[in-house]
Amino acid sequence: MVSEKMKPFMANNSAIRAMFEEGNRMAEQYGRENVYDFSLGNPNVPVPQVNDAILELVKTEDFNTLHGYMSNAGYPDVRQTIADSLNLRFGCHFSAGNLIMTVGAASGLNVILKSILNPGDEVIVFAPYFVEYDGYVRNYDGKVVVISPDTETFMPKLSEFEEKITPSTKAVIINNPNNPTGVVYSEEIIRSLAAILERKEKEFGISIVLISDEPYRELAYGGVQVPFITNYYHNSVVVYSYSKSLSVPGERIGYLVIPDELEDSKELIQVATIANRVLGCVNAPSLMQKVIQYCIEHDVTVDLETYERNRDLIYSALTEYGFTCAKPDGAFYLFVKSPVEDEKEFCETAKKHHVLFVPGSSFACPGYVRIAYCVSYDQIKRSLPAFKEIAKEYGLTQ
């Protein structure tokens, strides 16, 4: 009965979601206040202007307009508002025609991959990486090529990257700021990566699309700048989600940018618009498109201070207890080195102390765990004695 193509997805079902469900089970057993769940990147900072926008829109907009069909690419005025904002912030020259509204970044990635991949095409990713990329590429019979992690800096290994580009390479996915490490790829890294791609395009006589997955773009701390990829490489596209910046992951709203500079851009925009429809999304949620427009027009921004405060508390405490991790410049994750080789064992030990996080093997980087600190400051404070006991159990602290 079950499709053969789906069986590998079942075998590799998301450890992140599994740990989240385990957290819910433990919360019922021990009380939610006694379970310290750091598994899911579910932002906890409310953005009240989102509710303000919904209330305003349902009062003032025509019902059929607000809840009806529109172009498969989304409302033209919403796309133009986003384009104007990007142009102002990053010195671009997009129009509404360069954007497609999508059902979050996951849908945006599927739209662009469906639009460009043929069976057997290779897509390069940099470990550690978001586990769902594997599934998205397999959806269209592509092959994922993994660049091994640099566990000192968690920056891309550019020499290995250059070696693994082949005539079958169709796309490269980067995630900046990065999930699960929180590192931000610098302008120097982006320029070097773009230069390699340009050389390889000429060497093999092919086109390689650089896909920048950017749901954490607005979450960068201490003035760190996230390079806007279309300014550095001609065959680049941007996938964005408002899930993290506006704390609306369940609303599934984002966009895809296809610049004019990209080869065959006009045709690709048409194909991607059709892909948005035939994937079954049809169009991004109509109400949320208008909410995004409202938030841009009212200069609604993410509360960076709350996440930075969380980061500083948990990073300082864990390093004091003897754990090893790089201090992240973006997103809301710590990628912590496991005190034992098998990080899944480390996860099981932590569960005995009611602490939940995700094994690094879920991100193609065993030996590490991901801790999502997009929780309340109070939860982090309450969890610290448990982390200290875990550290003692492994002999990291006295």
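Before reading on, note that the structure itself is shown above.
Reference entry: report on the structure contained in this document.

Calculation rules
- Residues numbered from 1 in each chain as written.
- Predicted model: local features only at pLDDT ≥ 70, side-chain atom pairs only at ≥ 80, totals over all residues.
- Heavy atoms only, no water.
- Buried < 20%, exposed > 50% of the residue type's maximum accessible area, 1.4 Å probe, protein only.
- Helix = DSSP H or I, 4+ residues; strand = E, 2+ residues; numbered from the N terminus.
- Pairing = 2+ DSSP bridges.
- 1 Å grid on protein atoms, 1.4 Å probe; cavity = no way out; pocket = protein on both sides within 12 Å on 5 of 7 lines; lining within 4 Å.
- Points joined across faces, edges and corners; volume = space filled by probe spheres on them.
- Axes fitted to C-alpha atoms, helices over the stretch in contact; angles between N-to-C directions.
- Contact = heavy atoms within 4.5 Å.
- Right-handed = clockwise from strand over helix to strand, strands pointing away.
- Nonpolar A, V, L, I, M, F, W, Y, C, P; charged D, E, K, R; others polar.
- Phe/Tyr/Trp six-rings, centres within 6.5 Å; stacked < 30°, edge-to-face > 60°.
- Lys NZ or Arg CZ within 6 Å of the ring centre and 35° of its normal.

**Looking at the pairing of strand β10 (residues 333-337)**
Moving on, step 1. In terms of burial, β10 is largely enclosed, as four of its five residues are buried.
Moving on, step 2. Summarising the sheet, strand β9 (residues 324-325) and β10 pair through two bridges and their orientation is antiparallel. Following the sheet pairing, Thr 324 is matched in β10 by Lys 337.

**Considerations on empty space enclosed by the protein**
Moving on, step 1. Evaluation of the coordinates by the stated rule reveals one cavity of 30 Å³ or more.
Moving on, step 2. Within this model, the largest cavity holds a volume of roughly 40 Å³.
Moving on, step 3. Residue lining of the largest cavity: Val 125, Phe 126, Pro 128, Tyr 129, Tyr 133, Ile 173, Ile 174, Asn 175, Asn 178 and Tyr 185, and that is the complete set.
Moving on, step 4. Counting residues per element, the lining of the largest cavity draws most heavily on strand β5 (residues 169-175), which supplies three residues.

**Looking at the sheet that holds strand β4 (residues 143-147)**
Moving on, step 1. Spatially, the seven strands line up as an open sheet ordered β2-β8-β7-β6-β5-β3-β4, and their pairing is mixed. Unpaired on one side and paired on the other, β2 (99-102) and β4 mark the two borders of the sheet. With direction set aside, neighbouring strand axes in the sheet form an average angle of 20 degrees.
Moving on, step 2. Bridge count between β5 and strand β6 (residues 209-213): five bridges; the pairing is parallel. Across the sheet, the residue bridging to Val 172 is Leu 210, located in β6.
Moving on, step 3. Together, β3 (122-126), β5 and β6 form the strand contacts of helix α9 (residues 187-204), whose direction differs from that of β5 by roughly 175 degrees.

**Some details on the pairing of β5**
Here is the key point about a regular strand: its side chains alternate between the two faces of the sheet.
Moving on, step 1. In terms of burial, β5 is a largely internal element, seven of the seven residues being buried.
Moving on, step 2. As paired strands, β3 and β5 are joined by four bridges and run parallel to one another. Following the sheet pairing, Ile 124 is matched in β5 by Val 172.
Moving on, step 3. For the segment spanning β5, α9 and β6, crossover handedness is right-handed.

**Overview of unusual backbone geometry**
Moving on, step 1. Backbone torsion omega between Ala 127 and Pro 128 reads -5 degrees, so that peptide bond is classified as cis.
Moving on, step 2. With an omega dihedral of -5 degrees, the bond running from Asn 176 to Pro 177 counts as a cis peptide bond.
Moving on, step 3. Within the secondary structure, Pro 177 sits in the loop between β5 and α9.
Moving on, step 4. Here Asp 264, not a glycine, exhibits a phi torsion of approximately 55 degrees, which is positive.
Moving on, step 5. On the secondary structure map, Asp 264 appears in the loop between β8 (254-257) and α10 (265-278).
Moving on, step 6. Notably, Val 282 is not glycine yet its phi reads approximately 70 degrees, a positive angle.
Moving on, step 7. Position of Val 282 among the secondary structure elements: in the loop between α10 and α11 (286-297).
Moving on, step 8. By relative accessible area, which is 29% here, Val 282 ends up partly exposed.

**A few points about the layout of surface pockets**
Moving on, step 1. The calculated volume of the second largest pocket comes to roughly 400 Å³.
Moving on, step 2. Contributing to the lining of the second largest pocket are 19 residues, with Ser 85, Arg 89, Ile 296, Val 300 and Thr 301 lying nearest its centre.
Moving on, step 3. Mapped onto the lining of the second largest pocket, the elements with two or more residues apiece are α5 (76-90) and α11.
Moving on, step 4. If one sorts the elements of the lining of the second largest pocket by residue count, α5 sits on top with four residues.
Moving on, step 5. Per-class residue counts for the lining of the second largest pocket are 12 nonpolar, three polar and four charged.

**Topic: the packing of aromatic side chains**
Moving on, step 1. One pass over the full model with this rule turns up 21 aromatic pairs.
Moving on, step 2. Where Tyr 129 meets Tyr 133, the ring centres are 6.1 Å apart and the plane angle is 5 degrees; that geometry is what we call stacked.
Moving on, step 3. On the basis of relative accessibility, which here comes to 6%, the residue Tyr 129 falls in the buried class.
Moving on, step 4. Here the aromatic rings of Tyr 216 and Tyr 333 are separated by 5.6 Å at their centres, their planes lie at 75 degrees, and the arrangement is edge-to-face. Here Tyr 333 lies in strand β10 and Tyr 216 lies in the loop between β6 and β7 (236-241), a separation of 117 residues in the sequence.
Moving on, step 5. The class of Tyr 216 is buried, set by a relative accessible area of 4%.
Moving on, step 6. By relative accessible area, which is 1% here, Tyr 333 ends up buried.
Moving on, step 7. Sitting over the face of the ring of Tyr 75, Lys 290 holds its NZ or CZ atom 4.6 Å from the ring centroid.
Moving on, step 8. Directly above the aromatic system of Tyr 377 lies the positively charged group of Arg 309, at a separation of 3.6 Å from the ring centroid.

**Side note on the environment of Thr 306**
Moving on, step 1. Note on placement: Thr 306 falls in helix α12 (residues 304-320).
Moving on, step 2. With a relative accessible area of 27%, Thr 306 lands in the partly exposed category.
Moving on, step 3. The sequence separation of Thr 306 and Phe 363 amounts to 57 residues, and the corresponding C-alpha distance is 26 Å.

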